Amino acid sequence: MRDLTQELLELVRLTSTNLPPDVEKTLREALEREEPGTAAHNALQTILANVEMTRRNSTPICQDTGTPIFFVRYPEGWSPRRLREQIKAAVAEATRKTYLRPNAVDSLDGKNTGNNLGDEHFPTIHFEEADDDTLTVELILKGGGCENVGAQYSLPSDRLQAGRDLEGVRRAALDAVWQAQGEGCAPGFLGISIGGDRGTSYIASKQALLRKVDDQNPDPRLAELEERITSEANQLGVGPMGFGGKSTVLGTKITATHRLPASFFVTVSYMCWAYRRRKMTVAGDQVSYE
Amino acid sequence: MAIKLSIPASDEAIRALHVGDSVLLSGVMITGRDAVHKWLADTFIKKTRPPQGDDLAVYQAIRPILDGGMIYHCGPVVGGLDTKQYRFVAAGPTTSIREEPYQGDVMRHFNLKGVIGKGGMGAKTLQACQDVPGVYLHAIGGAASLIAESVKQVLTVYKLDFGVPEAIWVIEVVDFPAVVTMDSHGASLHVDVREKSKEALDRLLG
């Protein structure tokens, strides 16, 4: 099994410093919708100037380089244990090179490890064996501001008059966006999971964020709901940074997983405008990034 | 047109600012976020924990910087950690509301005139802005490398044992860009947006 530490380091650098093209395109479209001279327009202009600068200078888009969340699919015969070691080595090196901020803090004594290596959950790595010979590593860097405004609802909810149906999901999602105001660095993106238990629902809501901004949900019921939530969230008028304005949510991705008869969770993972996610593919000797 | 504001700021300069004004800040300020606010409140304001180690020395060192000065809610990415030739690589604001339990008291204790962060703060801080007087200045969240360009020098660092993001970095800034979203006259953009968006939410939820 080859050593991919350098290639993984490049994945981390790319993710932290170079915003994906589909995200940038969506931000540019948002800028077009805001009135020139408003705080919302100025905020988006600043955001886009920063995006260009970090791509050029190879510096972090945001100083909160977040929780590194890896989703790995490895071919039969590869060792997840060795891949974990290589990912950890790449993360520590990326921290030394200031692509990442040291972010792993001991919850009991407050000590920062200084290299982004904590316990077995930090960095977060999800492994799954692939059914072909291609290794893929997807990485999301999710900052604390947007993670803090994520929310999980157990339906039915009397407060929201939300039942166990797609209308209930809509009500919960809009409530989460309103609660977040500008604190999650709007305009944001929503990863929503319906079902699961509390833990799997949060993981699935983050996995939904691996999708491209402009893709189409294969389930027409969810595709319609995604469109509606995005459109209605923008009617709230929270706007970029919570300054007021037309762009509050730039995309919604929904996934549904099986649940217990007794449970109906709706989990909303809020991703800030600095929607840092990249994918590395290793096929034979070829390593590519998207 | 952005208003140039130098640090330390006078009461008159602060009272002249209103919600919506764009400002460019120049002068010396410190970073301070969750650990720093809790430490200041517990050790020097509520005094629920006695000073330890270099606590008193750090307090004496930052007091003149905070008098008429500004605090920046920021956990930067810092280069030069091995050589101690520190430079800010990325330095956008962090979410300010977490400091709401402490901020007003810290403003009054130090005569702190400006709080810089993102997302806005609550009623206690808004009251302190009226009393001190002070302002809340909103920087653009995530615009970290752009903002780092306005940090011309890292003068020193205190409490590095809190970790790089939580330490007290003393920085000199030139034309640091921000927008006034809470002023000394009791106005808050965040209250306005929250109220208006609540009306919209109620309509959408019927």
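What counts as what
- Residues numbered from 1 in each chain as written.
- Chains lettered and ligands numbered in written order.
- Predicted model: local features only at pLDDT ≥ 70, side-chain atom pairs only at ≥ 80, totals over all residues.
- Helix = DSSP H or I, 4+ residues; strand = E, 2+ residues; numbered from the N terminus.
- Rg over C-alpha atoms; globule rule 2.2 N^0.38 Å.
- Buried ≥ 20, exposed ≤ 12 C-beta atoms within 10 Å, placed from the backbone.
- Contact = placed C-beta atoms within 7 Å.
- Pairing = 2+ DSSP bridges.
- Axes fitted to C-alpha atoms, helices over the stretch in contact; angles between N-to-C directions.
- Domains from an automatic or database assignment.
- Nonpolar A, V, L, I, M, F, W, Y, C, P; charged D, E, K, R; others polar.
- Expected span 1.5 Å × (residues − 1).

## Comments concerning the overall build of chain B
Stage number 1. Along its length, chain B carries 7 helices and 9 strands.
Stage number 2. Against the globule reference of 17 Å for 206 residues, chain B gives a C-alpha radius of gyration of 17 Å, in line with a compact fold.
Stage number 3. Seen through its principal axes, chain B has C-alpha atoms that stretch 55 × 40 × 40 Å.
Stage number 4. The buried share among the 206 residues of chain B stands at 52%.
Stage number 5. For chain B, long-range pairs separated by at least 24 residues make up 62% of all intrachain contacts whose partners lie at least 6 apart in sequence.

## Regarding the sheet that holds strand β1 (residues 67-74) of chain A
Within a sheet, adjacent strands bond to each other through the backbone by hydrogen bonds, running parallel or antiparallel.
Residue and element names in this part refer to chain A.
Stage number 1. Spatially, β2-β1-β3-β8-β9 is the arrangement adopted by the 5 strands of the open sheet, whose pairing is mixed. Because the sheet does not close on itself, it has two edges, and the strands there are β2 (124-129) and β9 (286-289). Across this sheet, the average inter-strand angle for adjacent strands is 15 degrees, counted without regard to direction.
Stage number 2. Where β1 meets strand β3 (residues 135-142), 7 bridges bridge the pair, whose relative direction is antiparallel. Bridge pairing in β3 places Ile69 opposite Ile140.

## Some remarks on helix α4 (residues 100-110) of chain B
Residue and element names in this part refer to chain B.
Stage number 1. Regarding α4, the residues found buried are Tyr102, Gln103, Gly104, Val106, Met107 and Phe110.
Stage number 2. Buried residues belonging to α4 abut α2 (34-45), α3 (55-66), β6 (114-117) and α5 (123-131).
Stage number 3. Taken from the residues just after α4, Asn111 is the one with a positive phi, measuring 60 degrees.

## Considerations on the domain arrangement of chain A
All names here are of chain A.
Stage number 1. Splitting chain A by domain gives domain 1 (5-15 + 61-143 + 276-289) and domain 2 (145-271).
Stage number 2. Each of domain 1 and domain 2 was reduced to a C-alpha centroid, and the two centroids are 26 Å apart.
Stage number 3. Elements represented by at least two residues in the side of domain 1 that touches domain 2 include exactly β1 and β3.
Stage number 4. For the side of domain 1 that touches domain 2, the class distribution of residues is 3 nonpolar, 2 polar and 4 charged.

## Observations concerning helix α3 (residues 39-57) of chain A
Stage number 1. Helix length check: α3 of chain A (19 residues) gives 26 Å between terminal C-alpha atoms against 27 Å at 1.5 Å per residue, within 8%.
Stage number 2. Residues of α3 of chain A that are buried: Ala39, Ala40, His41, Ala43, Leu44, Thr46, Ile47, Asn50, Val51 and Thr54 of chain A.
Stage number 3. Buried residues along α3 of chain A sit against α1 (5-17) and α2 (21-33) of chain A together with α6 (144-148) and β9 (168-182) of chain B.
Stage number 4. Ser58 of chain A occupies a position one or two residues after α3 of chain A and carries a positive phi of about 55 degrees.

## Considering the pairing of strand β8 (residues 276-283) of chain A
Residue and element names in this part refer to chain A.
Stage number 1. In terms of strand pairing, β3 meets β8 through 7 bridges, oriented antiparallel. When the sheet's bridge partners are listed, Leu139 is paired in β8 with Arg278.
Stage number 2. Here β8 runs beside β9; their pairing, made up of 4 bridges, is antiparallel. Paired with Thr281 across the bridge in β9 is Ser288.
Stage number 3. Here β8 hands over to β9 after 2 residues, with Gly284 in that stretch at a positive phi of 65 degrees.

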